[in-house]
Amino acid sequence: MTLKNCLSPSSDQKSCYLRIRIQPGAKQSKILGLFDADQLKVQIKAPPIDGKANEMLLKFLKDSLSLKGNEIEIVKGLKSRSKILEISRSLEWVNEKLAALWKE
């Protein structure tokens, strides 16, 4: 199983989609690994109340991947633990960054 199972390219290859499984209300925000072989499991410190976990997820990934605010957004699953995010970078770039973070 690799991180590439969690990623899929957009039709124009200029961005990619990342499948996430979020665990809100954790002691700290961090990447845990794979969930069901095709989702990246991420625990987030914020509770799942009033979109706080979604906000913290985007901030955590934006900071961790060194992205600008407009380069990442939730495109599916705003009220679900399973989400799809669009990242305005190539699939290869995102895969390399996530692999480095996962090893830390």
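Preceding block: the structure.
Residues numbered from 1 in each chain as written. Predicted model: local features only at pLDDT ≥ 70, side-chain atom pairs only at ≥ 80, totals over all residues. Heavy atoms only, no water.

## Thoughts on the packing of aromatic side chains
1) Next: The final tally for this structure, using the stated rule, is 0 aromatic pairs.
2) Next: The ring of W93 has R89 sitting right over it, with the charged end atom 4.2 Å from the ring centre. (Phe/Tyr/Trp six-rings, centres within 6.5 Å; stacked < 30°, edge-to-face > 60°. Lys NZ or Arg CZ within 6 Å of the ring centre and 35° of its normal.)

## Side note on the side chain of E71
1) Next: Following the sequence through the fold, E71 ends up in the loop between α1 (52-65) and β5 (72-76).
2) Next: A polar side-chain atom of E71 sits 2.8 Å from the main-chain amide nitrogen of K68.
3) Next: Once residues within four sequence positions are removed from consideration, E71 is found in contact with E86, I87, S88 and R89. (Helix = DSSP H or I, 4+ residues; strand = E, 2+ residues; numbered from the N terminus. Polar contact = N/O pair within 3.5 Å; in protein donor to acceptor, adjacent residues only side chain to side chain. Contact = heavy atoms within 4.5 Å.)

## Brief notes about the environment of L34
1) Next: Positionally, L34 belongs in strand β3 (residues 30-35).
2) Next: Through-space distance from the C-alpha of L34 to that of R21 is 8.6 Å; in sequence the pair is 13 residues apart.

## Side note on α1
1) Next: The terminal C-alpha atoms of α1 lie 20 Å apart, and with 14 residues this matches the ideal 20 Å at 1.5 Å per residue to within 8%.
2) Next: Those residues of α1 not exposed but buried are A53, N54, L57, F60, L61 and L65. Relative to the axis of α1, the buried residues are bounded by an arc of 130° and lie together on one face.
3) Next: Once α1 finishes, S66 follows within two positions and takes phi at roughly 60°, a positive value. (Expected span 1.5 Å × (residues − 1). Buried < 20%, exposed > 50% of the residue type's maximum accessible area, 1.4 Å probe, protein only. Arc of directions from axis to C-beta.)

## A closer look at the nonpolar core
1) Next: By size, the foremost hydrophobic cluster in this structure holds 26 residues, and its most contacted members are L18, I20, L40, V42, L57, I87 and L98.
2) Next: Counting residues per element, the ones that place at least two in this core are β2 (16-23), β4 (39-43), α1, β5, β6 (82-87) and α2 (91-103).
3) Next: No other element matches the 5 residues that α1 contributes to this core.
4) Next: Setting aside anything within four residues of it in sequence, one finds L18 in contact with C6, L7, L40, K83, I84, L85, I87 and L98. (Core = buried A, V, L, I, M, F, W, Y, C linked by side-chain atoms within 4.5 Å.)

## Topic: unusual backbone geometry
1) Next: We note that A37 has phi near 65°; this positive angle belongs to a residue other than glycine.
2) Next: Mapped onto the fold, A37 is located in the loop between β3 and β4.
3) Next: Positioned with a positive phi, S66 is a non-glycine residue whose angle comes to about 60°.
4) Next: Mapping S66 onto the fold places it in the loop between α1 and β5.

## Considering the pattern of salt bridges
1) Next: One pass over the full model with this rule turns up 2 salt bridges.
2) Next: Put simply, D63 and K59 hold a salt bridge, and the shortest N to O gap is 2.7 Å. One end of the pair is D63 and the other is K59, both in helix α1 and 4 residues apart, which spans about a single turn.
3) Next: Given a relative accessible area of 48%, K59 falls into the partly exposed group.
4) Next: Ionic pairing is found between R89 and E71, a salt bridge with its closest N-O pair at 3.2 Å. With R89 in the loop between β6 and α2 and E71 in the loop between α1 and β5, this residue pair connects regions lying 18 residues apart in the sequence. (Salt bridge = Lys/Arg side-chain N within 4 Å of Asp/Glu carboxyl O.)

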